[in-house]
Amino acid sequence: MRILITNDDGINAPGLKVLREIAQKLTDEDNIFTIAPSNERSGVGHCISYNAPVLIEKTAKNSYSVSGYPADCVISGIHHVMKNDPPSLILSGVNKGNNSAENVLYSGTIGAAIEGALQGITSIALSQYLGPESEKMSSPFNPSINHGLSVINKILDKHIKTQGDYKVFYNVNFPPTENIKIATFEQSFELQIVVSCMSCDVCSYILKFSTRWDLSLDDFSVVRLLEEEQGEVKQYEEMRSMA
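Residues numbered from 1 in each chain as written. Predicted model: local features only at pLDDT ≥ 70, side-chain atom pairs only at ≥ 80, totals over all residues. Heavy atoms only, no water.

Section: the overall build of the protein chain
Moving on, step 1. A count of helical and extended segments in the protein chain gives six helices and nine strands.
Moving on, step 2. Long-range pairs, those at least 24 residues apart, make up 72% of the contacts in the protein chain between residues at least 6 apart in sequence.
Moving on, step 3. For the protein chain, the accessible surface area stands at approximately 12000 Å², while carbon and sulfur atoms represent 48% of it. (Helix = DSSP H or I, 4+ residues; strand = E, 2+ residues; numbered from the N terminus. Contact = heavy atoms within 4.5 Å. Areas by Shrake-Rupley, 256 points an atom, 1.4 Å probe, with all protein chains shown as cover.)

See below:
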């Protein structure tokens, strides 16, 4: 497995180091490429560079800083740095702070995952919620460190295969506690994944259709989920045609 890792917090961000450590448990070091913005790019969404050149600088073995945006990093990785042997997995993060609700529309972390999905590559965005308990931890990224590998493996095991215009990426938010229970109890912290479907013909891949995975469900039906998503898109298209 060849992995491209990126983020929107910049090449020197601590969350990127955490993500690399997670990636090292998925494949060998030579198959991991870090391609990240040269400076902070939070809040840029799925922006790409049109009117300025994108400069790619090698900073270490398999590590490159890019003058553009997170989506530029993905494009640079696929079509330049890793051109001869493209990645089979793109990991974006680990973002310092959550990417849920309206944050998804602004996030460069999400933007990188969107670009990866549009390029036809399995893409996962990972973000770390911060809260009062974070200050008591040895690192605010401890939940990501402790659970990142198992979550990624679960996603890869249950990866949704799509056809046509539909593209899927995954948005993971780790709660700000080290006592994560993957279960559905009122007092527990439930770790869930948002699976987002995009169609270029509907709202220019605005994320209108999303479904949550409960990782404790062993009998999760990918076919049923995809049919529900496609049904929502079809219903929306019919409404548009009547407007």
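There is more to say after this.
Here we look at the packing of helix α2 (residues 70-81) against helix α4 (residues 108-118)
Moving on, step 1. It is the contact of α2 with α4, at a shortest axis distance of 7 Å, that shows an interaxial angle of 30°. Classified by chirality, the crossing of α4 by α2 is right-handed. Residues Pro70, Ala71, Val74 and Ile75 of α2 lie in contact with α4, whose contacting residues are Gly108, Gly111, Ala112, Glu115 and Gly116.
Moving on, step 2. Across the contact of α2 with α4, the residue classes break down as five nonpolar, three polar and one charged. (Axes fitted to C-alpha atoms, helices over the stretch in contact; angles between N-to-C directions. Left-handed = near helix turned anticlockwise from the far one by under 90°. Nonpolar A, V, L, I, M, F, W, Y, C, P; charged D, E, K, R; others polar.)

Side note on the environment of Arg2
Moving on, step 1. Relative to the helices and strands, Arg2 resides in the segment before β1 (3-6).
Moving on, step 2. The exposure class of Arg2 is buried, given its relative accessible area of 15%.
Moving on, step 3. Along the primary structure Arg2 and Phe33 are separated by 31 residues, whereas in three dimensions their C-alpha atoms are 8.0 Å apart.
Moving on, step 4. A polar side-chain atom of Arg2 sits 3.3 Å from a polar atom in the side chain of Asn31. (Buried < 20%, exposed > 50% of the residue type's maximum accessible area, 1.4 Å probe, protein only. Polar contact = N/O pair within 3.5 Å; in protein donor to acceptor, adjacent residues only side chain to side chain.)

Topic: the nonpolar core
Moving on, step 1. Core analysis: the biggest nonpolar cluster contains 25 residues, and Ile3, Ile5, Leu91, Ile124, Leu126, Ile152 and Val172 have the highest contact counts within it.
Moving on, step 2. Of all the elements in the fold, those that place two or more residues in this core are β1, α1 (14-23), β2 (32-37), β5 (89-96), β6 (122-128), α5 (142-157) and β7 (167-174).
Moving on, step 3. Looking at this core element by element, the count peaks at five residues for α1.
Moving on, step 4. Non-local contacts of Ile152, meaning those with residues more than four positions away in its chain, are made with Ile22, Leu26, Leu91, Ile124 and Leu126. (Core = buried A, V, L, I, M, F, W, Y, C linked by side-chain atoms within 4.5 Å.)

Examining the pairing of β7
Moving on, step 1. In terms of burial, β7 is largely enclosed, as seven of its eight residues are buried.
Moving on, step 2. Pairing of β6 with β7, which is carried by five bridges, proceeds in the parallel orientation. Bridge pairing in β7 places Leu126 opposite Val172. (Pairing = 2+ DSSP bridges.)

Description of the pattern of salt bridges
Moving on, step 1. One pass over the structure, following the stated rule, counts three salt bridges.
Moving on, step 2. As a salt-bridge pair, Asp85 and Arg2 come within 3.3 Å of each other at their nearest N and O atoms. Taken together, the residues span a long stretch of sequence, with Asp85 in the loop between α2 and β5 and Arg2 in the segment before β1 at a distance of 83 residues.
Moving on, step 3. Here Asp85 falls in the partly exposed class, since its relative accessible area comes to 39%.
Moving on, step 4. The partner of Lys61 in a salt bridge is Asp30, and the shortest N-O contact between them spans 2.9 Å. One end of the pair, Lys61, is in the loop between β3 (56-60) and β4 (63-66); the other, Asp30, is in the loop between α1 and β2, with 31 residues separating them in the sequence.
Moving on, step 5. In this structure Lys61 comes out as exposed when scored by relative accessible area, which is 60%.
Moving on, step 6. Relative accessible area serves as the criterion here: at 43%, Asp30 is assigned to the partly exposed category. (Salt bridge = Lys/Arg side-chain N within 4 Å of Asp/Glu carboxyl O.)

Observations concerning the confidence of the model for the protein chain
Moving on, step 1. Averaged over every residue, the pLDDT of the protein chain is 80; the share at 70 or more is 71%.
Moving on, step 2. Contacts for the low-pLDDT stretch residues 182-192, under 50 throughout, to residues beyond four places or in other chains number 26 contacts.
Moving on, step 3. A low-confidence stretch, residues 197-229 stays under pLDDT 50, and its non-local contacts, those more than four residues away or across chains, total 85 contacts. (pLDDT = per-residue confidence, 0-100.)

Describing unusual backbone geometry
Moving on, step 1. With omega at -15°, the peptide bond leading from Gly93 into Val94 counts as cis.
Moving on, step 2. Here Val94 is to be found in strand β5.
Moving on, step 3. Of note, Asn62 is a non-glycine position whose phi angle comes to about 60°, a positive value.
Moving on, step 4. Examined against the element boundaries, Asn62 turns out to sit in the loop between β3 and β4.
Moving on, step 5. Unlike most non-glycine residues, Ala101 shows phi in positive territory, near 50°.
Moving on, step 6. Checked against the element boundaries, Ala101 lands in the loop between β5 and α3 (103-106).

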